[in-house]
Amino acid sequence: MDSEGMIYWSDASTSYDLARTVVYLLGGATGRLIQTDPRTNTSTVLMKNLHFPNGVQLVKDQQSIFVSETARSRVWRYYLKGERQGESEILLDGLPGLPDNIRPNGKGGYYVALCVYRDVENPSIGDIFGDMPLIRKLILRIHGIFDFALTLLAKVTSLSSPMERIRFYIGHFGPVGEFSKSTGKVIIVEITENGKIVRTLQNDKSEIRGISEVSVGSEFTYFGSFYDAKLWRIKNKILNKK
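To start, this report covers the structure provided alongside it. Remember, it's a predicted structure, so these values are computed and weren't measured experimentally.

**Describing the pattern of salt bridges**
Oppositely charged side chains may form a pair once their charged atoms are brought near each other.
So, point 1. For the structure on display, the rule yields 11 salt bridges.
So, point 2. Its salt-bridge partner being R84, residue E87 comes within 2.9 Å of it at the nearest N-O pair.
So, point 3. Residue E87 is classed as partly exposed on the basis of its relative accessible area of 36%.
So, point 4. Residue classification places R84 among the partly exposed positions, given a relative accessible area of 32%.
So, point 5. Each of R84, E87 and E89 takes part in salt bridges that share partners, so that together they form one network.

Listed below in structure tokens is the structure:
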């Protein structure tokens, strides 16, 4: 929310719900960055045709806003005010992971949490199937059949809760999704307001995984996960030690 009370948020898809992450990543780019005015109860689409937009963060001077485009491993900047009002540009591209939330680092810059690691040896689902439209279409059609069947079973039986859990599991790539969450590095990219990478925080030797957000407190910096119901923390003086 900005100083005028405007709320900014991302809509990952105009067609599908959270249970269909497989469609978010392999389907079309229908996501949006939206501005909502709670005083008039109206919303304005600022950006559209984004591929799984996720984290949103206002820049300190509130002249622009960052939004992660998770499926494309990049971060956009949209100008809210000033000479470039209404324009957008890619701030970061080709990141070594899928960007999630963006948060202030307490030093004038920002932390970009990469919730899933990717490189040549550990490609993301988008990397693997990005240039295979027919395979993507086949996967989506098979997923659609399973999703329809599970939704129907949930409606006509007393097993709605188990069916929803199975639907969610399949929609998140099933065992493939579980494997991707449990392997690879944790990477958090620290950037300046202009998108310059200052450093990266990395870990591949502990149970930490799926980091989706970083929050800086007065004494500790906290790390949250989209996968684990846990919080990790580190003292600021250790984190910022040169």
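Here the narrative resumes.
**Some points on the pairing of strand β14 (residues 231-235)**
So, point 1. As paired elements, strand β13 (residues 220-225) and β14 share 5 bridges and run antiparallel to each other. Bridge pairing links F220 to K235 in β14.

**Comments concerning empty space enclosed by the protein**
So, point 1. If you walk through the whole model with that rule in mind, you get 1 cavity of 30 Å³ or more.
So, point 2. If you add up the space inside the largest cavity, you get close to 40 Å³.
So, point 3. Contributing to the lining of the largest cavity are L25, A71, L98, S124, I125 and G126.
So, point 4. A per-class count over the lining of the largest cavity returns 4 nonpolar, 2 polar and no charged.

**Brief notes about the pairing of strand β5 (residues 64-69)**
So, point 1. When you tally the buried positions in β5, you get 6 out of 6 residues, the bulk of the element.
So, point 2. Here β5 shows two buried faces, one formed by S64, F66 and S68 and the other by I65, V67 and E69.
So, point 3. By the bridge criterion, 4 bridges tie strand β4 (residues 53-58) to β5 in an arrangement that is antiparallel. Bridging across to β5, Q57 finds its partner in F66.
So, point 4. Where β4 folds back onto β5 in an antiparallel hairpin, the turn is made up of 5 residues, including Q62, whose phi is positive at roughly 60 degrees.
So, point 5. One ladder, built from 6 bridges, connects β5 with strand β6 (residues 74-79); its direction is antiparallel. In the strand pairing of β6, E69 is matched with R74.
So, point 6. Here β5 folds back onto β6 in antiparallel fashion, the turn holding 4 residues, of which S73 has a positive phi close to 55 degrees.

**Thoughts on the packing of aromatic side chains**
So, point 1. All told, the structure shown has 2 aromatic pairs when counted by the stated rule.
So, point 2. Arranged with centres 5.3 Å apart and planes meeting at 85 degrees, the rings of F66 and Y110 form a pair that is edge-to-face. On the criterion of sequence distance, the pair formed by F66 in strand β5 and Y110 in strand β9 (residues 110-117) is long-range, its members being 44 residues apart. There is no split in this pair, since F66 and Y110 are both buried.
So, point 3. Between F220 and Y222 the ring centres are 6.3 Å apart and the planes differ by 50 degrees, which places this aromatic pair in the tilted class.
So, point 4. The exposure class assigned to F220 is buried, which follows from its relative accessible area of 13%.
So, point 5. Residue Y222 is classed as partly exposed on the basis of its relative accessible area, which comes to 32%.
So, point 6. Sitting above the plane of the F220 ring, R233 keeps its charged end 3.9 Å from the centroid.

**Structural notes on the nonpolar core**
So, point 1. F66, V75, L92, V112, V189 and I191 are the most contacted members of the largest nonpolar core, which has 14 residues in total.
So, point 2. Ranked by residues supplied to this core, first place goes to β9 with 4 residues.
So, point 3. Setting aside residues no more than four positions away along its own chain, V189 makes contact with L95, Y110, Y111, V112, L114, I197, R199 and T200.
So, point 4. Within the second largest apolar cluster, 13 residues are counted, among which are L46, M47, V56 and Y78.

Reading the values: rules and limits
- Residues numbered from 1 in each chain as written.
- Predicted model: local features only at pLDDT ≥ 70, side-chain atom pairs only at ≥ 80, totals over all residues.
- Heavy atoms only, no water.
- Salt bridge = Lys/Arg side-chain N within 4 Å of Asp/Glu carboxyl O.
- Buried < 20%, exposed > 50% of the residue type's maximum accessible area, 1.4 Å probe, protein only.
- Pairing = 2+ DSSP bridges.
- Helix = DSSP H or I, 4+ residues; strand = E, 2+ residues; numbered from the N terminus.
- 1 Å grid on protein atoms, 1.4 Å probe; cavity = no way out; pocket = protein on both sides within 12 Å on 5 of 7 lines; lining within 4 Å.
- Points joined across faces, edges and corners; volume = space filled by probe spheres on them.
- Nonpolar A, V, L, I, M, F, W, Y, C, P; charged D, E, K, R; others polar.
- Phe/Tyr/Trp six-rings, centres within 6.5 Å; stacked < 30°, edge-to-face > 60°.
- Lys NZ or Arg CZ within 6 Å of the ring centre and 35° of its normal.
- Core = buried A, V, L, I, M, F, W, Y, C linked by side-chain atoms within 4.5 Å.
- Contact = heavy atoms within 4.5 Å.

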